[in-house]
Structures are given as structure tokens and as C-alpha cells.
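For reference, the chains in residue letters:
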Amino acid sequence: MKKIIVIGASGTLGKGIVEQLGLRHEVITVGRNSGQYQVKIEDPASVRALFEKVGKVDGVVVAAGDLHFGPLAEMTAQQFQLGLNSKLMGQVNVALAAQQYLNDGGSITLTSGSISENPIRFGANASTVNRAVEGFVLGAAIELPRGLRINVISPTLVDESVETYGPYFYGMETVPVKRAALAYSRSVEGAENGKTYRVW
């Protein structure tokens with residue numbers, strides 16, 4: 001049994017990940033305002049404080065981070081910065097800190113999204129950030145010591161979020177959260193490193 005932190009555990013995707021990994025492992029739930037522990041991933045000090053409280057773990061999963069959706073013609077630099085500060089640097093902050101608290105052979109699993117390769121209207125910020133997260137994982141994987149691994153999951157829109165985000169994804173197939181959660185299991189419990197698991 002592994003000890004795994006799931007950040008974003010109360011979200012639609014996060015709940016599915018917790019359910020899947022919880023079948024076999026001890027899962028520590030973390031959120032901005034919910035879960036066993038709270039963290040603001042945009043703040044490196046908050047991330048370090050989380051790991052200091054939890055201590056050594058075998059896996060860290062991040063299914064959190066904000067993005068800006070809106071028309072490019074009206075987008076401001078400040079709006080674009082939202083995704084860079086939150087979903088990109090938030091996940092990078094977690095990965096950088098996690099290195100020191102993972103047991104040998106432990107894993108880091110981040111989240112991008114299908115918009116990295118299948119752009120949608122109003123999604124320029126999301127496409128940029130998702131591609132950048134995947135690039136970070138590619139570069140980080142070859143430097144991690146002690147058998148540590150890092151992968152990224154790139155899910156499409158999940159069935160359970162169609163009511164909220166469906167209008168952005170017309171014509172694209174969705175997947176159930178349960179299917180997306182299996183990719184996180186593969187990353188945490190498998191042996192691959194530096195991979196992007198596409199769930200489309």
C-alpha cells in the first residue's frame with residue numbers, strides 16, 4: 001500500500017482519482033478549501049508547508065489549477081497570467097517541492113488536457129498552459145533522482161462536466177471520470193516516466 005497525496009481531491013476529476021487509488025492505497029485529500037489538508041498551489045511557501053505537515057509519501061497527484069477562457073481579441077495579459085500562475089506554475093511548484101518528500105521510486109502525476117492538441121474557441125490560455133505542463137514533465141523526467149518518476153494526464157472533457165463546459169467542446173467525444181481516473185492509476189502504479197497519457 002502506497003501513501004498518495006491527491007491535490008484537487010474534491011473536484012469532479014479529483015473525486016474519481018481518489019476513488020480509484022483509494023481501492024489499494026492510503027489517499028491524503030488536499031484542496032484549496034477542502035480535504036484533510038489545504039494548499040494554495042500558486043504559493044510555493046504554502047506547497048512546502050503542506051509537505052512538511054504530511055511528511056514522506058510515495059506519490060503526488062495534482063488535478064487542480066485555474067485557467068482563463070475567453071475570446072482572444074478581448075484577452076488581457078492579466079487574464080492570460082491566470083493560467084500561467086495557477087495551472088502551470090502551481091503544478092510546477094508542487095513537483096519541485098515533492099522531490100524532497102517522495103520515497104525512493106515515488107511518482108509525481110500532473111494534469112494537462114486535450115486542448116493542448118485539439119484547440120477550442122476561447123481556449124488559447126488553456127492550450128498554452130497544457131502544452132507547457134507537458135513540456136515541463138518531458139524535461140523534468142530525465143533529471144529526477146532515486147528512481148522518481150513524473151508523468152502527465154491529458155484528459156478530454158469528462159461526462160460529469162458536460163453541463164458546465166459542454167458548449168466549449170461541441171463535436172468532441174467526452175469520457176467518464178472513471179476512465180480518466182484509470183490513467184492516474186497507471187501513472188502512480190506503473191513504471192513509465194516522462195509520459196503524457198492521453199484520455200480522449
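The structure under discussion appears in the preceding block.
Residue numbering note: each chain is counted from 1, following its sequence as written. Since the coordinates come from a predicted model, pLDDT governs what is reported: local features require at least 70, and pairs of side-chain atoms require 80 or more to be given and counted, while whole-chain, interface and lining totals use all residues. Side-chain measures here rest on the full set of heavy atoms in the structure, leaving out hydrogens and waters.

Tracing the sequence through the fold places Asn151 in strand S6 (residues 149-155). Three exposure classes are used, based on accessible area relative to the maximum for each residue type with a 1.4 Å probe and protein chains only: buried under 20%, partly exposed in between, and exposed over 50%. Relative accessible area serves as the criterion here: at 0%, Asn151 is assigned to the buried category. From its side chain, Asn151 meets the backbone nitrogen of Lys195 in a polar contact 2.8 Å long. The contact partners of Asn151, leaving out residues within four places of it in the chain, are Ile108, Thr109, Leu110, Val137, Ser187, Glu192, Asn193, Gly194, Lys195 and Tyr197. Each helix is a run of DSSP H or I of at least 4 residues and each strand a run of E of at least 2, with the numbering of both proceeding from the N terminus. Residues adjacent in sequence count toward polar contacts only when both atoms are side-chain atoms; beyond that, a polar contact is any pair of N or O atoms within 3.5 Å, and within protein one must be able to donate a hydrogen and the other to accept it. Working rule for contacts: check all heavy atoms of both residues, and any pair within 4.5 Å makes them a contact.

Turning to unusual backbone geometry, a few remarks are in order. With phi around 75°, Phe122 is a residue other than glycine that occupies positive phi space. Structurally, the position occupied by Phe122 is in the loop between strand S5 (102-111) and helix H4 (124-141).

So, about the packing of aromatic side chains. Each aromatic pair joins two rings of Phe, Tyr and Trp (for Trp, the six-membered one) with centres within 6.5 Å, and gets the label stacked for planes under 30 degrees apart, edge-to-face for over 60, and tilted for any other angle. Applying the stated criterion across every chain yields a total of two aromatic pairs. When the centroid spacing of 5.1 Å and the interplanar angle of 35° are considered together, the rings of Phe69 and Tyr168 count as tilted. With a gap of 99 residues between them, Phe69 in the loop between strand S4 (57-62) and helix H3 (77-98) and Tyr168 in the loop between helix H5 (162-165) and helix H6 (177-189) connect regions that are remote in the sequence. The class for Phe69 is partly exposed, based on a relative accessible area of 25%.

Between N-to-C directions, angles span 0 to 180 degrees; the directions come from axes that are lines fitted to C-alpha atoms, helices contributing only their stretch in contact. Where helix H1 (residues 12-21) meets H6, the closest approach of the two axes is 8 Å, and the angle between their N-to-C directions is 55°. Judged on the interaxial angle alone, H6 and H1 are oblique. Crossing geometry of H1 relative to H6 is assigned as right-handed. For the pair H1 and H6, contact is made by Thr12, Leu13, Gly16, Ile17, Glu19, Gln20 and Leu21 and by Val177, Lys178, Ala180, Ala181, Leu182, Tyr184, Ser185, Val188 and Glu189, respectively. Each angle gets one of four labels, with under 35 degrees taken as roughly parallel, over 145 as roughly antiparallel, 65 to 115 as roughly perpendicular, and the rest as oblique. Two helices that cross are described as forming a left-handed crossing if the nearer one is turned anticlockwise from the farther one by less than a right angle, and a right-handed crossing if clockwise.

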